[in-house]
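Remarks on the overall topology
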Amino acid sequence: MEPHKIFQLKSLLGVMLFLLFLSCDHQVVEEERSDVFTETLEDSVYQNSSKKRLYHLVNESLEAENYAEAYKGYSYIYPLIADSLPKEKVEPYLDTLYDLAEKSNQKQYLAQANYDIGMHYFGNRYQYKKAYFYYNNAKKLFLELEDSLNISKSSIRMASVQNKLGDFAGSQNAQIEGLSYLDLSKKENERFLISGYNLLALISSNQHEDEAALNWIQKSIDLNSYSQIRPTLQNNKGMFLLKAGKYEESIQLFKELLEDSLVYKSVTRRARGLDNLGYAQLKSGDRSGLALIQQSIQLLAKENYAPRYAAYLHLADYYKDKNAALAVKNAKKALALVPSVEDELEMYQILALHSNDNEENDYLRKYIHLEDSLSNARLNAANQFAKIRFNSELQEQQILKLEKVNAEKELAIEKENFRHFLIITLISILLVLIIVGFIVIRKKNEKNKNIAISRLENKLSKRVHDEVANEVYTLMNKIEHRQIYSNDEMLDYLDHIYVRSRNISREFDSSVLLKNFHGNLKVMLTSFQSKNANVLIQNSSEEFWQPVKSNLKLTIYRILQELMTNMKKHSNANVVVISFKKEENYLQIQYTDNGKGFNLKDLKFSNGIKNIEARVAHLSGNLDFKETEKGMVIILKFRV
């Protein structure tokens, strides 16, 4: 049957049995299968109808092309058919159910379908890969539906398949992921957590992690409140204890189980308990366990039940080092009944070691072949499951890509028309904004330009008045009072006034100032020199100033000019020393004079000092005033 043509079988009306309970018949714990069906939607019309009436309802729905109703009706018919047929003859009916559900366009039906098809193949031995494929499909659909319970169930089932085929690490991861989706605030979901812990115990045991297996099974037992599964969980714990070498604890647990009323009333459970207790006693060195195993075999035979292969496995294992003939005899009996490949491998090993010469080579070849097959199967298991997931995701991506292409084609014309409309609208709005913005910016620039020009004119006027006009007035006053004694002295004074005027000009033209900063700075500083005041400059050069940024140069220039002006007017110093140096990432300027110092609280200095502090703070620099016995030291620091 083609995979894409198969759809799921629905459940028997709301009954949900536990997942993954274990039956520990032998040292290697096996999983006990319990059918789990998803709930059919409650609908009294279908629920209370006969098979004939259901067929009639389905046909009516098909005539009306109401495939959702047809699917619902057939989902009640299918379990009746499936229960009456061998599993290998069920698949054609799955085809019908799948076709109806697919035409219904209901994602919920498709998700349930994949899950129940997985259940169908999981129930058929050796079809676990198909089961995994459909469980994986179901999980993806339940994820889209945000159905956390069914996401959990699908993941747990995937874990069960992986465990069956030897992918123990992958099984453990899938199981833990599945449990994480359970809403444990709902009491009814505890059943899935119980069975989930049970499966984790099995996985741990298969990986020879005995303590982990005991830890998980104990969690399952502690959580369990269902009396009907208590014996199964306790039996599993006993087998895990036995495998871990804790024989006395295992014996005590099996004895308690045999006293349980549920075990005593069940022939198969009592036979299992006798067999496991006997085997535990044998492992501890107590030969009385042989009688219990024989009692288990006789109990089943007396009640006409099928014999337990595990009893013969236990006897073969016990006799393999003590009595070759009895080991071979029981191994052959077990081999005829054993369903587990691992147990079959163990029996071939015993027979190869203890049979007579004629049979030994034949059993040895079978053992080697089976061991190689089992090893290869386990090595390939993880890759096979990864490939199934990859192919499923690839197919989904291709479907999504095709849907995207079709949607793009359908929307292309509409998008193009909308694009044209949007472009015209945006261009119109943009043109209006540009025109308005241009007008606003132009007016703002004109206003700012007028303000800047006004400020510049005021500043220039003040500087000319303070520095040039005052100097000219002083010269005129000296000439009037005959304090100029020669033409050379007058020329020197006029030259001094010229230099001050040129400095003011350069200050307001920063490009000229920066072009030869070292030279212009030197000229400005030495312009404050007179007969009574010497100005010394240390460590300044073109190379020194070359890496310094322009805004820092201009700030330093104006700070020093402010200091020199204050010195000229108020300090009466006759020696001024200005030194420059670089320390790591800092540029340091030290101003020193031997005048009477600055009274920082004096109003005469307040504006100038505030200007200096503001300029230093603007560039995140440091300013430090130090008064000496005679004079003032000012240290400026800027990060370069």
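Thresholds, definitions, all that
- Residues numbered from 1 in each chain as written.
- Predicted model: local features only at pLDDT ≥ 70, side-chain atom pairs only at ≥ 80, totals over all residues.
- Heavy atoms only, no water.
- Pairing = 2+ DSSP bridges.
- Helix = DSSP H or I, 4+ residues; strand = E, 2+ residues; numbered from the N terminus.
- Core = buried A, V, L, I, M, F, W, Y, C linked by side-chain atoms within 4.5 Å.
- Buried < 20%, exposed > 50% of the residue type's maximum accessible area, 1.4 Å probe, protein only.
- Axes fitted to C-alpha atoms, helices over the stretch in contact; angles between N-to-C directions.
- Parallel < 35°, antiparallel > 145°, perpendicular 65-115°, else oblique.
- Left-handed = near helix turned anticlockwise from the far one by under 90°.
- Contact = heavy atoms within 4.5 Å.
- Nonpolar A, V, L, I, M, F, W, Y, C, P; charged D, E, K, R; others polar.
- Polar contact = N/O pair within 3.5 Å; in protein donor to acceptor, adjacent residues only side chain to side chain.
- Expected span 1.5 Å × (residues − 1).
- Salt bridge = Lys/Arg side-chain N within 4 Å of Asp/Glu carboxyl O.
- pLDDT = per-residue confidence, 0-100.
- Patch = residues over 30% accessible without salt bridge, like charges linked within 9 Å, V, L, I, M, F, W, Y side chains within 5 Å.
- Areas by Shrake-Rupley, 256 points an atom, 1.4 Å probe, with all protein chains shown as cover.
- Phe/Tyr/Trp six-rings, centres within 6.5 Å; stacked < 30°, edge-to-face > 60°.
- Lys NZ or Arg CZ within 6 Å of the ring centre and 35° of its normal.

1. Quick look at the pairing of strand S6 (residues 622–627)
Taken together, the six bridges between S6 and strand S7 (residues 632–639) define a ladder with antiparallel strand orientation. Among the inter-strand pairings, Asn 622 is bridged to a residue of S7, identified as Lys 637. Taken together, S6 and the strand that follows it, S7, pair antiparallel across an intervening segment of four residues, in which Gly 631 is found at a positive phi of about 115°.

2. Quick notes on the nonpolar core
Counting residues in hydrophobic clusters, the biggest one holds 36 residues, and the most contacted among them are Tyr 74, Tyr 135 and Val 161. Put simply, the parts of the chain that give this core at least two residues each are helix H2 (51–63), helix H3 (67–83), helix H4 (91–104), helix H5 (107–123), helix H6 (128–145) and helix H7 (148–164). Among the elements that line this core, the one with the most residues is H3, at nine residues. Core analysis: the second largest hydrophobic core is formed by 33 residues, Leu 554, Ile 559, Phe 580 and Val 616 among them.

3. Examining the packing of helix H11 (residues 230–243) against helix H14 (residues 267–284)
Between H11 and H14, the least distance of the axes is 11 Å, while the angle of their chain directions is 15°. Considering the angle they form, H11 stands roughly parallel to H14. Relative to H14, the crossing made by H11 is left-handed. Together, Pro 231, Thr 232, Asn 235, Met 239 and Leu 242 of H11 and Arg 269, Arg 272, Asn 276, Tyr 279, Ala 280 and Lys 283 of H14 make up the contact between the two elements. Residues belonging to the contact of H11 with H14 are distributed by class as follows: five nonpolar, three polar and three charged.

4. Side note on unusual backbone geometry
Unlike most non-glycine residues, Glu 146 shows phi in positive territory, near 55°. A residue is classified by how much of its surface remains accessible, and Glu 146, at 69% relative accessible area, is exposed. Positive phi, close to 50°, is recorded for Glu 584, a residue that is not glycine. With respect to the element layout, Glu 584 can be found in the loop between strand S4 (575–583) and strand S5 (586–593).

5. A short note on the environment of Tyr 121
Assignment of secondary structure puts Tyr 121 in helix H5. Exposure remark for Tyr 121: the relative accessible area of 0% places this residue in the buried category. Within the local environment of Tyr 121, its side chain forms a polar contact with the side chain of Glu 91, the two groups lying 3.1 Å apart.

6. Quick look at H7
End to end, H7 covers 25 Å across 17 residues, agreeing with the expected 24 Å (1.5 Å per residue, within 8%). Among the 17 residues of H7, 14 are classified as buried, and the element is accordingly described as predominantly covered. Following H7 by one or two positions, Gly 166 has its phi on the positive side, about 95°.

7. Observations concerning the environment of Ile 537
Relative to the helices and strands, Ile 537 is located in strand S3 (residues 534–538). Classification of Ile 537 by relative accessible area gives partly exposed; the value is 27%. Not counting residues up to four positions away in its chain, the partners in contact with Ile 537 are Lys 522, Leu 525, Thr 526, Ile 578 and Phe 580.

8. Comments concerning the pattern of salt bridges
One pass over the structure, following the stated rule, counts seven salt bridges. Put simply, Lys 283 and Asp 317 hold a salt bridge, and the shortest N to O gap is 3.9 Å. Placement of the pair is Lys 283 in helix H14 and Asp 317 in helix H16 (residues 309–319), with a sequence separation of 34 residues. Across the salt bridge formed by Lys 581 and Glu 583, the nearest N and O atoms sit 3.0 Å from each other.

9. Quick notes on the confidence of the model for the chain
For the chain, mean pLDDT is 76; residues scoring 70 or higher make up 74% of the total. Below a pLDDT of 50 lies the segment residues 1–42, which in the model reaches 181 contacts outside its immediate sequence neighbourhood of four places, other chains included. Low pLDDT (under 50) marks residues 352–377, which in the prediction has 26 contacts with non-local residues, meaning those over four places away or in another chain.

10. A word on a nonpolar patch on the surface
On the surface, Ile 423, Ile 427, Leu 430, Leu 431 and Ile 434 cluster together into a nonpolar patch covering about 460 Å² of accessible area. Looking at the element boundaries, Leu 431 is found in helix H19 (residues 357–480). Judged by its relative accessible area of 49%, Leu 431 falls in the partly exposed class.

11. Quick word on the environment of Ser 104
Here Ser 104 lies in helix H4. With 38 residues separating them in the primary sequence, Ser 104 and Asn 66 have C-alpha atoms 7.5 Å apart. Ignoring sequence-local partners within four residues, the contact set of Ser 104 consists of Tyr 67, Ala 68 and Tyr 109. Among the polar contacts made by the side chain of Ser 104, one reaches the main-chain carbonyl oxygen of Ala 101 at a distance of 2.5 Å.

12. Digging into the sheet that holds S4
The strand order across the open sheet formed by five strands is S3-S4-S5-S7-S6, and the pairing between neighbours is mixed. Looking at which strands have only one partner, the edges of the open sheet turn out to be S3 and S6. Between one strand axis and the next, the sheet turns by 15° as a mean value, whatever way the strands run. The sheet contact formed by S5 and S7 spans eight bridges and is antiparallel. Among the inter-strand pairings, Gln 588 is bridged to a residue of S7, identified as Lys 637. Here helix H22 (residues 517–526) sits on the sheet and contacts S3 and S4; the angle it forms with S3, its principal contact strand, is near 155°.

13. Thoughts on the packing of aromatic side chains
Evaluated as defined, the whole model comprises 13 aromatic pairs. Here Tyr 121 and Tyr 134 contribute two aromatic rings whose centre-to-centre distance is 6.0 Å and whose plane-to-plane angle is 15°, an arrangement assigned as stacked. Placement of Tyr 121 in helix H5 and of Tyr 134 in helix H6 is noted, with a sequence separation of 13 residues between them. Owing to a relative accessible area of 3%, Tyr 134 belongs among the buried residues under this scheme. Look at Phe 133 and Tyr 134: their rings are 5.0 Å apart centre to centre, the planes differ by 90°, and that puts the pair in the edge-to-face class. Judged by its relative accessible area of 24%, Phe 133 falls in the partly exposed class. Of the aromatic side chains, those joined through ring pairs into one cluster are Phe 517, Phe 544, Trp 545, Tyr 557 and Phe 580. Over the face of the ring belonging to Tyr 115 we find Lys 153, whose NZ or CZ atom lies 5.2 Å from the ring centre. Its end group placed over the ring of Tyr 264, Arg 270 keeps NZ or CZ at 4.9 Å from the ring centre.

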